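The lines below spell out each chain.
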Amino acid sequence: MLKLKIDPWSSDYGPSLHLQDTETIPEVKLDLEGEWKAHDPEPTEPLKEVALIDGVRRMELNLRLEDEARSMKAAIGTLGCGALVIKPGEPQSLTQALRYVDVRAYLLVDAPDGPTLPNLTTLANATDLMMTLQNKMRETEAIMADRVSEEVELVIADGPLQNTHSLKHEVLGYIKSQHQQLLERKEMDLVRQLQPGQRTPIFSLGQDTKYHRLSWYLRLDSPAQDETVLAGIVRLEMDAKYGLQQAQKRANQLGTLLPKLKNSRHRDARSPQNLVPIAVLERAVRHRLGDPALRQRNYRQTLLGAFP
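The rules behind the values
Residues numbered from 1 in each chain as written. Predicted model: local features only at pLDDT ≥ 70, side-chain atom pairs only at ≥ 80, totals over all residues. Heavy atoms only, no water. Helix = DSSP H or I, 4+ residues; strand = E, 2+ residues; numbered from the N terminus. Buried < 20%, exposed > 50% of the residue type's maximum accessible area, 1.4 Å probe, protein only. Lys, Arg positive; Asp, Glu negative; His and termini not counted. Salt bridge = Lys/Arg side-chain N within 4 Å of Asp/Glu carboxyl O. Contact = heavy atoms within 4.5 Å. Phe/Tyr/Trp six-rings, centres within 6.5 Å; stacked < 30°, edge-to-face > 60°. Lys NZ or Arg CZ within 6 Å of the ring centre and 35° of its normal. Core = buried A, V, L, I, M, F, W, Y, C linked by side-chain atoms within 4.5 Å. Pairing = 2+ DSSP bridges.

**Some details on the side chain of Glu 187**
Here comes step 1: Examined against the element boundaries, Glu 187 turns out to sit in helix H3 (residues 185-193).
Here comes step 2: Here Glu 187 is buried and forms no salt bridge, its nearest opposite-charge partner Lys 186 lying at an N-O distance of 5.2 Å.
Here comes step 3: Look past the residues within four positions of Glu 187 in its chain and what remains in contact with it is Leu 30 and Trp 36.

Laid out in structure tokens, this is it:
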């Protein structure tokens, strides 16, 4: 009998499981570790320093770019990106852990060119304004990941690796919401049965593309009785050029570490997938974006000065 189950994420963030049949599914190769069975984390050298990368973005004002004959959509958007370095087992203050924060503001216009405004970079031909801002945020995250990867043992970027797969150093993608069903029903049955700390075998994604990754699913926490069975599941991925042995090492390290960093349901609307350090980083970056009402007022004054 079909039963309704709760997706524990707040509706403000959308669902944690958002499968889209229209997306192209990359080629999946499952036989890298033999039998398709659950893996417990094996003892391995623990991580000493891990950098977490995350970004936030916000549309400040929706605009129109107009002249006598045309009216085109435009907007002012801001984004922020930060790097938080944790030392597992060693308490740190936010000041000690927060390594970098980069905040930028953009004028987005759906036109070949657009006006210039003080302290804003114009992004032209932005047909989808929010997607343009989202892509710019991912690019900024990739640049920051490259920067901090020279200073720490491992970098984990929040989200998939579209903009980080070609970086000089090893970066892992941490995918906390599932937008594609990559595996068939038989393999997904194992994902549903994982216990906290357990992972699936490592599998290959997109072997014949430049975006070739090794990936695995990990359970951070058991779902509550009324939650969907995939609550608490995340997926990790890394560039396939580092090889299966390195992926197994990272899977063991993170299978031990990440469940310890899971967030509690009463503290975060995207728990447990939105790890405590990522939630702290998001709050710190949002704070740097400034008060939305104050920013809107400042941008309105800028527009009045530029176009009286």
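**Side note on the packing of aromatic side chains**
Each aromatic ring pair is described using two quantities: the centre-to-centre distance and the angle formed by the ring planes.
Here comes step 1: This structure, assessed with the given rule, holds 2 aromatic pairs.
Here comes step 2: Judged by centre distance (6.3 Å) and plane angle (50 degrees), the ring pair of Trp 36 and Phe 203 falls under tilted. With Trp 36 in the loop between strand E1 (28-29) and strand E2 (50-66) and Phe 203 in strand E8 (residues 203-205), the pair connects residues that are 167 residues apart, well separated along the chain. The pair formed by Trp 36 and Phe 203 is uniform in burial state, with each residue classed as buried.
Here comes step 3: Just above the ring of Tyr 100 sits the side chain of Arg 147; from NZ or CZ to the centre is 3.7 Å.
Here comes step 4: The lysine or arginine in question, Arg 213, covers the ring of Tyr 211, its NZ or CZ lying 3.6 Å from the ring centre.

**Concerning the nonpolar core**
Here comes step 1: Among the nonpolar cores identified, the biggest contains 33 residues, and Tyr 174, Trp 216, Leu 236, Leu 254 and Leu 258 are the most heavily contacted of them.
Here comes step 2: Elements that contribute at least two residues to this core include exactly E2, strand E3 (71-86), strand E6 (154-158), strand E7 (171-175), strand E9 (213-219), strand E10 (233-239), helix H4 (243-257) and helix H5 (276-289).
Here comes step 3: Here this core takes 5 residues from H5, the largest share from any one element.
Here comes step 4: Val 85, Ala 145, Val 148 and Tyr 211 belong to the second-largest nonpolar core, a separate cluster that totals 16 residues.

**Some thoughts on the pattern of salt bridges**
Here comes step 1: This structure, assessed with the given rule, holds 14 salt bridges.
Here comes step 2: The salt bridge partner of Arg 58 is Glu 60, with a shortest N-O separation of 3.0 Å. The pair Arg 58 / Glu 60 is uniform in exposure class, with both members buried.
Here comes step 3: Here Arg 99 makes a salt bridge to Glu 151, at a shortest N to O gap of 3.0 Å.

**With respect to unusual backbone geometry**
Here comes step 1: One non-glycine residue, Asn 119, lies in positive phi territory at about 65 degrees.
Here comes step 2: Note that Asn 119 resides in the loop between strand E4 (98-109) and strand E5 (121-123).
Here comes step 3: The backbone of Asn 125 sits at a positive phi, close to 55 degrees, despite the residue not being glycine.
Here comes step 4: Relative to the helices and strands, Asn 125 is located in the loop between E5 and helix H2 (129-148).
Here comes step 5: Using a relative accessible area of 53% as the deciding quantity, one classes Asn 125 as exposed.

**A word on the pairing of E2**
Here comes step 1: Among the 17 residues that make up E2, 12 are buried, leaving the element largely enclosed by the rest of the structure.
Here comes step 2: The sheet contact formed by E2 and E3 spans 16 bridges and is antiparallel. Paired with Ile 53 across the bridge in E3 is Ala 83.
Here comes step 3: Linkage of E2 to E3, two consecutive antiparallel strands, is achieved through a turn of 4 residues.
Here comes step 4: Relative to E6, E2 is paired through 4 bridges, and the arrangement is parallel. By the bridge assignment for E6, Val 50 is matched with Leu 154.

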